[in-house]
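Survey of secondary and tertiary structure
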Amino acid sequence: MSLRIVVCVKYVPDATGDRHFAEDLTVDRDDVDGLLSELDEYAVEQALQIKEAADDAEITVLTVGPEDANDAIRKALSMGADKGVHVEDEDLHGTDAVGTSLVLAKAIEKTGYDLVVCGMASTDGTMGVLPAMLAERLGVPQVTQLSEVSVEDGTVKGRRDGDTATEQLEAALPAVVSVTDQSGEARYPSFKGIMAAKKKPVEELELDDLDIDADEVGLEGAWTKVEDATERPARTAGTIVKDEGEGAKQLAEFLAGQKFI
């Protein structure tokens, strides 16, 4: 039986762009370019390595987001994933991590899975809680923050590196895992892969397809939301310390005055 791998990816605003909030204090995604979250590229890479080591495996890339989020799916397909699922619905605007975990769980159950692979966090929200929420909703084990992962005989195994210790973890499938940016550099899509991605299937789903009510998600259904925000002030000219024998003292006084030391 084929190993069914689902990789959850997110379409995020480019961190190098000039990002702003919209009037409802959600991120203004129309004002900045988007891309596949870099941390999710590691999840795609690990899924591909698991597939290459397996006798038979299939990778489905899943995302929740606006129309442009399809670009994140296509990037993953060009890396080597087999098919995509895109959940898009106007009522999803403003959905937080809790609501997103609900949508992803429903979509994963509809798609079918043995192993769900996530990045350690998104590069926009950087919360890192979604894999655990997803495992709870699916009712399966979670093996998170892995720098090494493999699947053998119905068991997923991995290594978690901490500041003072390394843990070897494992769980029976089905399971949810998340991988860190130390798990291995993600491959670049080849020209052949980019062309092949255009022909790979991407299923479009809405909330009705997942039996989710609009009031369970979106900004009104969110458990967390931004109440107030102030635009960051423009950068001012820095302080120049001329070293005429007292440079080190002046620098120390400046740092102390800023409470850096």
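In short, a report on the structure. Sequence order as written defines the numbering, with residues in each chain counted from 1. With the structure being a predicted model, the display of local features is reserved for residues of pLDDT at least 70 and the display and counting of side-chain atom pairs for 80 or more, all residues being used for whole-chain, interface and lining totals. Side-chain metrics in this entry use all non-hydrogen atoms of the structure; hydrogen atoms and water are not considered.

1. Examining the layout of surface pockets
What counts here: Cavity: a set of points on a 1 Å grid over the protein atoms alone where a 1.4 Å probe fits but cannot get out. Pocket: an open set with protein on both sides within 12 Å along at least five of seven lines, its lining residues, like those of a cavity, having an atom within 4 Å of a point. Grid points are joined across faces, edges and corners, and a volume is the space filled by probe spheres set on the points. The helix count covers DSSP runs of H or I at least four residues long, the strand count covers runs of E at least two residues long, and both are numbered beginning at the N terminus. By the convention adopted, Pro, Cys, Tyr, Trp, Phe, Met, Ile, Leu, Val and Ala count as nonpolar, Lys, Arg, Asp and Glu as charged, and the other residues, Gly among them, as polar.
The volume enclosed by the second largest pocket comes to roughly 340 Å³. Together, 17 residues line the second largest pocket, and Leu 3, Ala 54, Asp 55, Asp 56 and Val 151 are the ones closest to its centre. Listed by contribution, the elements that provide at least two residues to the lining of the second largest pocket are helix 1 (38–53) and strand 8 (148–152). Residue contributions to the lining of the second largest pocket peak at four residues, all from strand 8. Of the residues that constitute the lining of the second largest pocket, the class distribution is eight nonpolar, four polar and five charged.

2. Considering the pattern of salt bridges
The following threshold applies: Just to be clear on terms, a salt bridge is a Lys or Arg side-chain nitrogen sitting within 4 Å of an Asp or Glu carboxyl oxygen.
Inspection of every chain in the model, using the stated rule, returns 10 salt bridges. Two residues, Glu 41 and Lys 75, come together in a salt bridge whose shortest N-O distance is 3.1 Å. With Glu 41 in helix 1 and Lys 75 in helix 2 (residues 70–79), this pair connects stretches of sequence that are 34 residues apart. Across the pair Glu 45 and Arg 187 runs a salt bridge whose closest N-O atoms are separated by 2.8 Å.

3. Regarding the side chain of Ser 78
Note the following rule: Between N or O atoms, a polar contact is any pair within 3.5 Å; within protein, one atom must be a potential hydrogen donor and the other a potential acceptor, and residues adjacent in sequence are included only when both atoms are from side chains. Contact between two residues is taken to exist if any of their heavy atoms lie within 4.5 Å; hydrogens are not considered.
Along the chain, Ser 78 falls in helix 2. There is a polar contact of 2.6 Å between the side chain of Ser 78 and the backbone oxygen of Lys 75. Among all residues touching Ser 78, those that are not within four sequence positions of it are Pro 189, Ser 190, Gly 193, Ile 194 and Ala 197.

4. Some details on unusual backbone geometry
Put simply, the rule reads: A simple rule labels every residue: compare its accessible area, found with a 1.4 Å probe on the protein chains alone, to the largest value its type can have, and call it buried under 20%, exposed over 50%, or partly exposed in between.
The step from Leu 173 to Pro 174 runs through a cis peptide bond, and the omega angle for that step is 0°. Locating Pro 174 in the fold gives a position in the loop between strand 10 (166–172) and strand 11 (175–179). Residue Gln 145 is not a glycine yet carries a positive backbone phi of 55°. Note on placement: Gln 145 falls in strand 7 (residues 142–146). The backbone of Asp 211 sits at a positive phi, close to 55°, despite the residue not being glycine. Looking at the element boundaries, Asp 211 is found in the loop between strand 12 (202–205) and helix 6 (218–221). According to the relative accessible area criterion, Asp 211 is exposed, its value standing at 65%.

5. Regarding the sheet that holds strand 4 (residues 57–64)
Quick note on the threshold: What makes two strands pair is DSSP finding at least two bridges between them. Structural elements are reduced to axes, namely lines fitted to C-alpha atoms, with helices fitted over the stretch in contact, and the angle between N-to-C directions of any two is expressed from 0 to 180 degrees.
The parallel open sheet is built from seven strands, whose spatial order is 7-11-6-1-4-5-12. The open sheet has two edge strands with one neighbour each: strand 7 and strand 12. If you compare each strand with its neighbour and ignore which way they point, the axes differ by 20° on average. Bridge count for strand 1 (residues 3–8) against strand 4 is six bridges, and the pairing is parallel. From the neighbouring strand, Cys 8 faces strand 4, where its bridge partner is Leu 62. Lying over the sheet, helix 2 contacts strand 4, strand 5 (83–87) and strand 12, oriented at roughly 165° with respect to strand 5.

6. Here we look at the side chain of Glu 45
Relative to the elements of secondary structure, Glu 45 occurs in helix 1. Side chain to side chain, Glu 45 and Gln 49 meet in a polar contact 2.9 Å long. Reaching out from Glu 45, the side chain makes a polar contact with the side chain of Arg 187 at a distance of 2.8 Å. Discounting chain neighbours no more than four positions away, the residues touching Glu 45 are Met 79, Gly 184, Glu 185, Ala 186 and Arg 187.

7. Digging into the environment of Thr 60
Assignment of secondary structure puts Thr 60 in strand 4. The exposure class of Thr 60 is buried, given its relative accessible area of 4%. The sequence separation of Thr 60 and Leu 77 amounts to 17 residues, and the corresponding C-alpha distance is 8.8 Å. Look past the residues within four positions of Thr 60 in its chain and what remains in contact with it is Ile 5, Val 6, Val 7, Lys 83, Gly 84, Val 85 and Thr 111.

8. Some remarks on helix 4 (residues 130–138)
Since the α-helix packs 3.6 residues into each turn, any two residues three or four apart lie on the same face. Operational definition: Directions are taken from the helix axis to each C-beta atom, and the arc is the one they span.
Within the span of helix 4, buried status applies to Pro 131, Leu 134, Ala 135 and Leu 138. All buried residues of helix 4 fall inside an arc of 100° around its axis, so they share one side. On its buried face, helix 4 sits against strand 1, helix 3 (97–111), strand 6 (115–119), strand 7 and strand 11. At the C-terminal side of helix 4, Gly 139 shows a positive phi close to 70°.

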